[in-house]
Structure formats: structure tokens, C-alpha cells
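As a plain string of letters, each chain reads:
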Amino acid sequence: MTRPARIGVLTVSDRASAGLYADESGPAIEAVLREVLASPFEPVRRLTPDGRGPVAAALSALVDQEGCALVLSTGGTDPA
């Protein structure tokens, strides 16, 4: 039996990762995926603060450790 694809959803936000407010964009992306994808998938959500280092670490973990075949990201305030 084939396992569902693992899809990473990464939210980049200093304030949400600090617990100042709830992440709404990550769950919204997951909801859209559930509406548009015909195949089942296993979502893997992550929340990280802004910054090249934390984002790179989160992306690496989603792909290398969690085995995500696709990672979608949302948030962040600048490319730095």
C-alpha cells in the first residue's frame, strides 16, 4: 500500500513563533490543499521565526528528517 505524500507547510513569523498570536496562514494553506488535491496527503506543519538561519533549518528538517516531497511556505517580512 502506498503511503500518502508528506507535504510541509512552513509559516515564517517572528510573532506567531513567539506565541503572540495564532498562525492562521499555515492552516489556511492546508485547508486549500485538502480542497484541491485529489490524492491524500499527510501535512507536516512547522512555525519558525524570520531569518535565513531558522528558515534554512526548518526547510532542511522538513525535507531531510520529515521526508516531505513538497514544502510550501508563507509569511516573513523580508528576504534577509
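Residues numbered from 1 in each chain as written. Predicted model: local features only at pLDDT ≥ 70, side-chain atom pairs only at ≥ 80, totals over all residues. Heavy atoms only, no water.

### So, the pattern of salt bridges
Turning to step 1, where the next piece is worked out: Throughout the structure, instances matching the rule amount to five salt bridges.
Turning to step 2, where the next piece is worked out: A salt bridge links Glu-42 to Arg-6; its shortest N-O distance comes to 2.6 Å. Taken together, the residues span a long stretch of sequence, with Glu-42 in strand β2 (residues 41-48) and Arg-6 in strand β1 (residues 5-12) at a distance of 36 residues.
Turning to step 3, where the next piece is worked out: For the salt bridge of Glu-66 with Arg-46, the shortest nitrogen-to-oxygen distance reads 2.5 Å. Taken together, the positions of Glu-66 in the loop between α3 (52-65) and β3 (70-75) and Arg-46 in strand β2 put the pair 20 residues apart, joining distant regions of the chain.
Turning to step 4, where the next piece is worked out: According to the relative accessible area criterion, Arg-46 is partly exposed, its value standing at 33%.
Turning to step 5, where the next piece is worked out: Each of Arg-6, Glu-42, Arg-46 and Glu-66 takes part in one network of salt bridges that share partners. (Salt bridge = Lys/Arg side-chain N within 4 Å of Asp/Glu carboxyl O. Helix = DSSP H or I, 4+ residues; strand = E, 2+ residues; numbered from the N terminus. Buried < 20%, exposed > 50% of the residue type's maximum accessible area, 1.4 Å probe, protein only.)

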